[in-house]
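Structural features, examined
Chain by chain, the residues run as shown.
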Amino acid sequence: MIRNRKTLVVVISVAIIFTFSYLVIARTSNLQSIPGLPGSSSVRENNMLELGFSDVKESSAGHNYIIVDKASVCLDIKDRLPVQECQRISSNAGKIFCWSIFINGEGKKVRYIWYIGEKVSASNWLNITSNRFRAWCPRNIDPKASGPSRVDIVDEQGRILKSIEFEIIPARSGNMQIKYS
């Protein structure tokens, strides 16, 4: 009887070790494409898209919605790339840009809505002409403007695809001339 218990314990131990080893190997190998497996690629792709990562572009091709891959507010555009991305902008900066890359938007429209505080200061429509489309929308800053600001990128149905917050700070008054009478 003792011999059967030892055999049973050995068999159960081997089964536990085999199961644990299989799970470790499956987790670290290319078996991640099995649907329903905790580390499966379909779960990974959905999480990547929800978090805003751009590693999973091919998985979105069959869907009917626009993805904003990247977006930023910057002071200039050079070679179709943003220059001096910023979150605080002086009111005497003149012109700023909202630069963005869209995926899966061919034939669709998006709208850039610029806000200073909660007041809409400008709005521009953009036609997307390819599946991976890079674009930028300029905006002149009023030298008297200041405060929290943002630009919303919205699709044709009014859904906010991306919202970028920034702050317009008053220009320094060091160069101000004083008049004496």
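Structure report, in brief. (Residues numbered from 1 in each chain as written. Predicted model: local features only at pLDDT ≥ 70, side-chain atom pairs only at ≥ 80, totals over all residues. Heavy atoms only, no water.)

1. Describing the overall build of the protein chain
Just so we agree on the cut-off: The helix and strand labels rest on DSSP assignments: H or I over at least four residues marks a helix, E over at least two residues marks a strand, and numbering proceeds from the N terminus. Partly exposed residues are those whose accessible area sits between 20% and 50% of the maximum for their type, while under 20% is buried and over 50% is exposed, using a 1.4 Å probe and protein chains only. The contact rule is simple, with two residues in contact once any of their heavy atoms fall within 4.5 Å.
Regarding its fold elements, the protein chain presents 2 helices and 9 strands. Order of helices (α) and strands (β) in the protein chain, N terminus to C terminus: α-α-β-β-β-β-β-β-β-β-β. Counting the 181 residues in the protein chain, one finds 30% classified as buried. Across the protein chain, contacts joining residues at least 24 apart in sequence account for 55% of those joining residues at least 6 apart.

2. Some details on the side chain of S72
The topology assignment puts S72 in strand β1 (residues 67-78). On the basis of relative accessibility, which here comes to 8%, the residue S72 falls in the buried class. With near-sequence residues (within four places) excluded, S72 lies in contact with P82, E85, F97, C98, W99 and I164.

3. Digging into the nonpolar core
The following threshold applies: The criterion is simple. A nonpolar core is a set of buried Ala, Val, Leu, Ile, Met, Phe, Trp, Tyr and Cys residues joined through side-chain atoms within 4.5 Å.
Residues F102, V110, Y112 and W114 are the most contacted members of the largest nonpolar core, which totals 23 residues. Where this core is concerned, the elements lending two or more residues are β1, β4 (95-103), β5 (109-116), β6 (119-127), β7 (132-140), β8 (147-155) and β9 (160-169). Judged by nonpolar contacts, the second largest core, of 5 residues, contains I77, F97, W99 and I101.

4. Some points on the sheet that holds β8
Let me state the cut-off plainly: Criterion used throughout: strands pair if DSSP finds at least two bridges between them. Helix axes are fitted only over the stretch in contact, all axes being lines through C-alpha atoms; the angle between N-to-C directions runs from 0 to 180 degrees.
As summarised here, the arrangement of the 5 strands in space is β3-β9-β8-β5-β6, forming an open sheet in which the pairing is mixed. What marks the edges here is a single partner per strand, and that holds for β3 (88-90) and β6. Here the strands of the sheet are splayed against their neighbours by 25 degrees on average, with no regard to which way each runs. Where β5 and β6 come together, 8 bridges link them in antiparallel fashion. Each bridged residue has a counterpart across the sheet, and for V110 the counterpart in β6 is L126.

5. A look at the sheet that holds strand β2 (residues 81-85)
One open sheet holds the 4 strands; their spatial order is β2-β1-β4-β7, and the pairing between them is antiparallel. Each edge of the open sheet is held by one strand with a lone partner, namely β2 and β7. Taking each pair of neighbouring strands and ignoring which way they run, the sheet shows an average axis angle of 35 degrees. Pairing analysis gives 4 bridges linking β1 to β2, with the strands arranged antiparallel. Within the sheet, the bridge partner assigned to I77 lies in β2 and is P82.

6. Focus: the packing of aromatic side chains
Here is the rule we go by: Pairing of aromatic side chains here covers Phe, Tyr and the six-membered ring of Trp, requires ring centres within 6.5 Å, and sorts the geometry by plane angle: under 30 degrees stacked, over 60 edge-to-face, intermediate tilted. Charge over a ring is defined by NZ of Lys or CZ of Arg lying within 6 Å of the ring centre and within 35 degrees of the ring normal.
Inspection of every chain in the model, using the stated rule, returns 1 aromatic pair. When the centroid spacing of 6.3 Å and the interplanar angle of 75 degrees are considered together, the rings of W114 and F166 count as edge-to-face. Of this pair, W114 sits in strand β5 while F166 sits in strand β9, placing them 52 residues apart in sequence. Here W114 matches F166 in class, with each residue buried. Over the ring of W125 we find K109, and its NZ or CZ is 5.4 Å from the ring centre. Over the aromatic face of Y115 sits the side chain of R150, whose NZ or CZ is 3.8 Å from the ring centroid.

7. Considering the side chain of N104
Quick note on the threshold: In protein, a polar contact requires one atom able to donate a hydrogen and another able to accept it; more generally it is a pair of N or O atoms within 3.5 Å, and residues adjacent in sequence count only if both atoms are side-chain atoms.
Along the chain, N104 falls in the loop between β4 and β5. By relative accessible area, which is 8% here, N104 ends up buried. Polar side-chain contacts of N104 include one of 2.9 Å to the backbone oxygen of Y65.

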